[in-house]
Amino acid sequence: MILPIVAYGDPVLRKKAKDITSEYPKLDELITNMWETMYNAHGVGLAAPQVGLPIRMFMVDTTPFADDDELTEAEQKQLDGFKKVFINAKIEEESGKEWDFNEGCLSIPDIREDVKRKPEITITYLDEDFKEHTETFDGLLARVIQHEYDHIEGILFTDKLSSLRKRLLKSRLEKISKGKIDVDYRMRFPNIKKGR
């Protein structure tokens, strides 16, 4: 089932999400629905807060990036078929020299900005079978994970922009929160004016 994606301005996107246990109700169904929602919106990642749930879960499928000709063959190989669910994730370490990359977000349609992030992360997480993993990722893979991880920490990519960029984007962000935007996937807008 395709779920509506929560738009910028909804308080759930600002909450620090809570850990869950394997007893979480209908978790398998939620994971299936989130994959379907993400693919329907042509995303490469989706976090539970983006479908209105303040829980520490996100998923990533970087396969679409594998076709990017600007990437090295090794990078393309790393991204192709990388598909994972991250539950109760915790980034243990971020390292390296920050680099810029143009990011967008399904909750903030039509806005893309260059965001600085460190190139390497070590993250501990549970997979959908609640097996624990600690892994190190780098490059674009690390970036996609960092972006989704920020969602479970209540952080949006626009928070990482300069105060000037934030001011310039303010009215566009307000329009998104009011639903004054064309999107080709289901969304839920926090500040939409209800008709009389």
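Residues numbered from 1 in each chain as written. Predicted model: local features only at pLDDT ≥ 70, side-chain atom pairs only at ≥ 80, totals over all residues. Heavy atoms only, no water.

Draft legend 1. Broad picture of the overall build of the chain. From N to C terminus, the chain includes four helices and nine strands. Start at the N end of the chain and walk to the C end: the helices and strands fall as β-α-β-β-α-β-β-β-β-β-α-α-β. Once the C-alpha set of the chain is aligned to its principal axes, its extents read approximately 55 × 40 × 30 Å. Burial statistics for the chain: of 196 residues in total, 46% are counted as buried. Long-range pairs, those at least 24 residues apart, make up 67% of the contacts in the chain with a sequence separation of at least 6. Approximately 10600 Å² of the chain is accessible, and the part contributed by carbon and sulfur atoms is 48%. (Helix = DSSP H or I, 4+ residues; strand = E, 2+ residues; numbered from the N terminus. Buried < 20%, exposed > 50% of the residue type's maximum accessible area, 1.4 Å probe, protein only. Contact = heavy atoms within 4.5 Å. Areas by Shrake-Rupley, 256 points an atom, 1.4 Å probe, with all protein chains shown as cover.)

Draft legend 2. Structural detail: helix 3 (residues 139-152). Look at helix 3: 21 Å from first C-alpha to last across 14 residues, which is about the 20 Å you get at 1.5 Å a residue. Of all 14 residues in helix 3, 14 are buried, a share of seventy percent or more. Two residues or fewer past helix 3, glycine 154 is found with a positive phi of approximately 80°. (Expected span 1.5 Å × (residues − 1).)

Draft legend 3. A look at the nonpolar core. Met34, Leu46, Met57, Met59 and Ile108 are the most contacted members of the largest nonpolar core, which totals 38 residues. Once residues lying within four places of it in the same chain are set aside, the contact partners of isoleucine 108 are Tyr8, Leu156, Phe157, Thr158, Leu173 and Ile176. Residues Ala66, Leu79, Phe137 and Val144 belong to the second largest nonpolar core, which totals 23 residues. (Core = buried A, V, L, I, M, F, W, Y, C linked by side-chain atoms within 4.5 Å.)

Draft legend 4. Highlighting the layout of surface pockets. Here the largest pocket is characterised by a volume of approximately 430 Å³. Residue lining of the largest pocket: 23 residues in total, with Val44, Glu103, Gly104, Cys105 and Arg112 positioned closest to the centre. Among the elements of the structure, strand 5 (99-105), strand 6 (108-117) and helix 3 are those that each provide at least two residues to the lining of the largest pocket. Grouping the amino acids of the lining of the largest pocket by side-chain chemistry returns eleven nonpolar, seven polar and five charged. (1 Å grid on protein atoms, 1.4 Å probe; cavity = no way out; pocket = protein on both sides within 12 Å on 5 of 7 lines; lining within 4 Å. Points joined across faces, edges and corners; volume = space filled by probe spheres on them. Nonpolar A, V, L, I, M, F, W, Y, C, P; charged D, E, K, R; others polar.)

Draft legend 5. Quick look at the pattern of salt bridges. Under the defined criterion, the tally for this structure stands at 13 salt bridges. Arginine 188 is the salt-bridge partner of aspartate 10, the closest N and O atoms lying 3.0 Å from each other. Highlighted residues: aspartate 10 in the loop between strand 1 (5-6) and helix 1 (27-40) and arginine 188 in strand 9 (residues 187-188), separated in sequence by 178 residues. Overall, the relative accessible area of 10% leaves aspartate 10 in the buried class. By relative accessible area, arginine 188 is classed as partly exposed at 38%. The partner of aspartate 19 in a salt bridge is arginine 56, and the shortest N-O contact between them spans 3.6 Å. With a gap of 37 residues between them, aspartate 19 in the loop between strand 1 and helix 1 and arginine 56 in the loop between strand 2 (45-47) and strand 3 (57-61) connect regions that are remote in the sequence. You can call arginine 56 buried: its relative accessible area is 7%. Among the ionic contacts, a cluster of salt bridges with common partners joins Glu103, Arg117, Arg143, Asp150 and Lys160. (Salt bridge = Lys/Arg side-chain N within 4 Å of Asp/Glu carboxyl O.)

Draft legend 6. View of the environment of lysine 116. Within the secondary structure, lysine 116 sits in strand 6. When the C-alpha positions of lysine 116 and tryptophan 99 are compared, they lie 5.1 Å apart, and in sequence the two are 17 residues distant. Within polar-contact distance, the side chain of lysine 116 engages the side chain of aspartate 100 at 3.4 Å. (Polar contact = N/O pair within 3.5 Å; in protein donor to acceptor, adjacent residues only side chain to side chain.)

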